[in-house]
Amino acid sequence: MTAAALPPAAEPPAPTKAPQTSQMPQAPRLAEGVQLLGEYRDSGYRQPPSLVRRADGQVIQMSRLLYLVACRIDGSRSLAAIANLVSDDLGRSVNAEQVRYLIAAKLLPLGIVAGQGAPPAPPKATPMLALRARGTLLPERAANAVGALLRPLFRWPVIAAVVVSVAAVDYWLFAVHGLGAGLGQVLRDPMDLLLVIGLSLVAAAFHECGHAAGCRYGGARPGVIGVGIYLIWPSFFTNVTDSYRLGRGGRLRTDLGGLYFNLIFMLALAGVYAATSAEILPLVIALTHLEMLEQLLPFVRFDGYFILSDLAGVPDLFARVVPILRGVLSRGRGDRRAGDLRRSARIVVTTWVLLVIPLLTLTMGYLLLRLPQINRALFRSASEQAHLATAALAAHRYAAAAVGSAGVALAALSVAGSVYIVSGMARRAGALGRRWSSGRPACRLLAALAALACAAALAVVWVAQGQFRGW
């Protein structure tokens with residue numbers, strides 16, 4: 001699917017009550033596995049944040065002052081010694097009590113500093129439309145080995161040769177050869193459809209190796225390569241959170257590495273076709289082009305989303321939706337998180353927000369209004385595919401049975417995914433309502449009545465349209 005990076009979590013706000021600091025050790029130490037990544041280079045912020053990575057992979061952005069304090073914590077220095085060093089780094093005076101407060105109020109809650117008061121489960125970002133139910137295919141060590149092995153493919157002479165060769169293959173495929181023979185072969189023999197599906201999966205896996213190799217080429221270390229559920233479909237992913245330590249060029253290389261490896265895969269298919277004349281291979285090349293175009297969509301967390309994010313220098317664009325809307329609706333007097341952006345970055349992010357909000361609203365609204373009808377059609381499709389697969393299996397046509405089983409699995413995943421998305425929307429809406437009405441019983445009652453009214457209205461629409469008929 002894409003390179004998956006845990007978006008940086010912001011530092012917590014100042015507490016309303018003074019933190020308890022009496023139990024803090026005189027020589028604090030960083031939590032196990034914490035890495036200080038440095039300043040977020042080529043960022044779209046007026047004041048670029050500094051980045052710290054925890055052992056669980058979560059990257060945290062923080063102010064320069066907090067980062068300097070974290071840099072001077074080594075487990076042996078006293079608070080006074082840390083304050084003196086930070087004062088020299090910062091160019092202004094910081095005393096031991098201020099350092100104590102920053103550690104207790106900021107670094108301890110984030111799990112950056114070890115000791116009493118650190119949370120047993122440090123907070124993690126919960127990004128919108130993120131990959132769920134992740135599983136590991138290649139552990140971090142193996143992914144780094146693959147990245148190191150393949151990173152020579154990012155040398156400029158190799159890149160130029162690949163691009164020119166793919167352009168020549170595309171001219172031959174679309175202007176000279178065509179796809180008719182491959183399509184006819186798939187329609188005649190279900191085994192060829194299984195081959196297309198299998199090669200598409202191989203292309204997707206090789207795509208992830210491109211992200212790992214691009215990350216490794218820039219000097220960062222990729223994490224695991226795995227599979228998860230994105231929206232409603234199974235998707236491969238590569239954890240390239242460590243690429244935040246790179247500059248814009250290195251991050252973009254990581255983002256584009258998957259698409260670049262798709263080009264290499266297409267050249268390999270063209271070479272096999274030259275040796276075997278298997279007409280199914282040009283069809284797979286064309287389908288890989290379509291997959292690449294899909295990956296460039298910037299409205300969900302595909303490669304295009306991360307490319308746009310790194311061009312703007314603003315990680316996790318979805319986290320900017322609410323701040324940008326507040327700024328637009330209040331004529332610039334909105335959320336501080338929008339005002340922290342440079343003018344060019346704010347223009348890019350605002351344009352993206354104003355495009356993505358109506359697109360996602362229409363998509364989710366249609367799904368919600370047509371949910372019973374869509375799932376009824378999917379259920380019927382799954383039933384028909386199951387019947388065909390059973391009949392094919394009884395007739396010993398195992399390829400057709402496998403195709404039918406794949407159809408059943410895809411339909412079932414679509415049903416489960418649609419229900420998951422709608423339930424997730426309901427959970428988020430409920431959380432917003434509870435947060436808005438916290439401590440105000442009258443508002444809590446109003447929010448509950450509004451939720452019941454929306455559910456009743458939706459049920460009326462479903463019944464009026466006859467979406468429950470035929471179940």
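Scroll up to find the structure.
Here we summarise the structure given alongside this text. A quick note: this is a predicted structure, and the numbers were derived from the prediction, not measured. (Residues numbered from 1 in each chain as written. Predicted model: local features only at pLDDT ≥ 70, side-chain atom pairs only at ≥ 80, totals over all residues. Heavy atoms only, no water.)

### Some words on the packing of aromatic side chains
Counting across every chain of the model gives twelve aromatic pairs. With 5.4 Å between their ring centres and 50° between their planes, W172 and Y273 make a pair best called tilted. Taken together, the residues W172 in helix α5 (residues 156-177) and Y273 in helix α8 (residues 248-276) connect sequence positions 101 residues apart. Take W172: its relative accessible area is 29%, and that puts it in the partly exposed class. Of the aromatic side chains, those joined through ring pairs into one cluster are F154, F206, Y217, Y260, F261 and F265. (Phe/Tyr/Trp six-rings, centres within 6.5 Å; stacked < 30°, edge-to-face > 60°. Helix = DSSP H or I, 4+ residues; strand = E, 2+ residues; numbered from the N terminus. Buried < 20%, exposed > 50% of the residue type's maximum accessible area, 1.4 Å probe, protein only.)

### Concerning α5
The end-to-end C-alpha distance of α5, which contains 22 residues, comes to 30 Å, matching closely the 32 Å that a straight helix rising 1.5 Å per residue would cover. Its buried side turned inward, α5 meets α8 and α9 (280-295). Positive backbone phi, at 85°, marks G178, one or two positions downstream of α5. (Expected span 1.5 Å × (residues − 1). Contact = heavy atoms within 4.5 Å.)

### Let's talk about the nonpolar core
The nonpolar side chains of a soluble globular protein tend to be buried with one another. Judged by nonpolar contacts, the single largest core of 35 residues is most densely connected at L129, V314, F318, V349 and W352. Contributions of two or more residues to this core are made by α10 (303-312), α11 (321-329), α13 (343-369), α15 (398-436) and α16 (441-464). Here this core takes eight residues from α13, the largest share from any one element. When residues no more than four places from it in sequence are discounted, the contact partners of L129 are Y230, L231, V300, R301, F318, L360 and M364. In this structure, I159, V169, A203 and L281 belong to the second largest nonpolar core, which totals 29 residues. (Core = buried A, V, L, I, M, F, W, Y, C linked by side-chain atoms within 4.5 Å.)

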